[in-house]
Amino acid sequence: MTIEIKDSEALEKMRIVGALAARQLEMIEEHIKPGISTGELDRICHAYTINEQDAIPAPLNYRGFPKSICTSVNHVVCHGIPSDDKVLKSGDIVNVDVTLIKDGYHGDTSKTFIVGTAGVLAERLTQVCKESLYLGIQAVKPGAHLGDIGAAIQIYVEKNRFSIVREYCGHGIGTVFHDEPQVLHYGKKGTGPELKSGMTFTIEPMINAGKAAVKLLPDQWTVVTKDHKLTAQWEHTIAVTETGYEILTLRNDDTIPRCA
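Now for a quick tour of the structure.

Put simply, E180 and P181 share a cis peptide bond, and its omega is 5 degrees. Take P181: it is sitting in strand 8 (residues 179–183). Positioned with a positive phi, R63 is a non-glycine residue whose angle comes to about 50 degrees. Looking at the secondary structure, you find R63 in the loop between strand 1 (56–57) and strand 2 (70–73). Residue R63 is classed as exposed on the basis of its relative accessible area, which comes to 67%. Positive phi, close to 60 degrees, is recorded for H228, a residue that is not glycine. Summarising the element assignment, H228 is placed in the loop between strand 12 (223–225) and strand 13 (231–233).

Right, let's talk about the sheet that holds strand 10 (residues 206–208) for a bit. If you trace the 3 strands from one edge of the open sheet to the other, you get 6-10-13, paired in antiparallel fashion. Of all the strands in the sheet, the pair left with one neighbour each is strand 6 (163–164) and strand 13. Relative to strand 13, strand 10 runs antiparallel, the two sharing 3 bridges. Within strand 13, the residue paired with M206 across the bridge is Q233. Packed on one face of the sheet, helix 3 (residues 120–138) meets strand 10 and strand 13 and runs near 35 degrees to strand 13.

Another point: the sheet that holds strand 12. One open sheet accounts for 3 strands, arranged 3-12-11; its pairing is antiparallel. Since the sheet does not close on itself, it has two edges, and those belong to strand 3 (76–78) and strand 11 (214–216), each with one partner. Between one strand axis and the next, the sheet turns through 40 degrees on average, direction left out of account. Note: strand 11 against strand 12, 3 bridges, orientation antiparallel. Looking at the pairing, L216 lines up with V223 of strand 12.

Here we come to the environment of T222. Note that T222 resides in the loop between strand 11 and strand 12. Sequence separation of T222 and T202 is 20 residues, and the distance between their C-alpha atoms is 20 Å. If near-sequence neighbours (up to four positions away) are discounted, T222 is found in contact with V76, C78, H79, G80, I81, K215, L216 and L217. Within the local environment of T222, its side chain forms a polar contact with the side chain of D219, the two groups lying 2.6 Å apart.

Taking burial as the measure, the 10 residues of strand 4 (residues 93–102) include 9 buried ones, the bulk of the element. Pairing between strand 1 and strand 4: 2 bridges, direction antiparallel. Along strand 4, the bridge assignment pairs I56 with I101. Two strands pair when backbone bridges link them, and strand 2 and strand 4 are joined in this way by 4 bridges, in the antiparallel orientation. Each bridged residue has a counterpart across the sheet, and for V73 the counterpart in strand 4 is V94.

Of all 10 residues in strand 5 (residues 105–114), 9 are buried, a share of seventy percent or more. Relative to strand 5, strand 4 runs antiparallel, the two being bridged by 10 bridges. Within the sheet, the bridge partner assigned to I101 lies in strand 5 and is H106. What sits between strand 4 and strand 5 in their antiparallel hairpin is a turn of 2 residues, with D103 showing a positive phi close to 55 degrees.

The rules behind these values
Residues numbered from 1 in each chain as written. Predicted model: local features only at pLDDT ≥ 70, side-chain atom pairs only at ≥ 80, totals over all residues. Heavy atoms only, no water. Helix = DSSP H or I, 4+ residues; strand = E, 2+ residues; numbered from the N terminus. Buried < 20%, exposed > 50% of the residue type's maximum accessible area, 1.4 Å probe, protein only. Pairing = 2+ DSSP bridges. Contact = heavy atoms within 4.5 Å. Axes fitted to C-alpha atoms, helices over the stretch in contact; angles between N-to-C directions. Polar contact = N/O pair within 3.5 Å; in protein donor to acceptor, adjacent residues only side chain to side chain.

Now the structure itself:
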């Protein structure tokens, strides 16, 4: 396995596109209300990417994906296809996953939004997922191992009695959308490749309220929980620095949670 080490020029381009991806999630939040369709969210993001950010929506036509963002509602784990038929209602949770290309580099991030007022389980699942992401991020530093990230996430998620999706994981990113390494959200400390300054990858835990098992729908994109229970996901693009990590897709509203 060869993991690309970015030089200072490449990292600066990653910062630029990462910031654009973060701004897009900030922009779309005000539109996520009961009554809007995921198809409309896709159109808003597409227009914003092209007209306001002078960037390219990476998902559109990627391996045949038909839309510019992924919208995964309630029991949809990931890769949900936006549709005018899918109208959000109060109590839903929806993960909006955006990836932009700018100057040849990718910025990839997602957030699970609560639509209107959600129940206690949805609130708790969403919060624990966000907290697990940050525990994984905080394990990133030169000399650490990829397994340290997965171990931090797994311990916290399972302590909170949720389950971790194992079939889908984070990934290296740069000029390539999905590159080496694969970043698992479970594992053992001290295992896997050693982290080095200049590596860039996503961390994007998907956690389920029920069992971990998932299935792929016939559209060959949409992944759902087998038991149809709720699922949540949060994602950032990370760079390993000389002293630790840098969150390339950090939002202005994204405070680091206290994980108990």
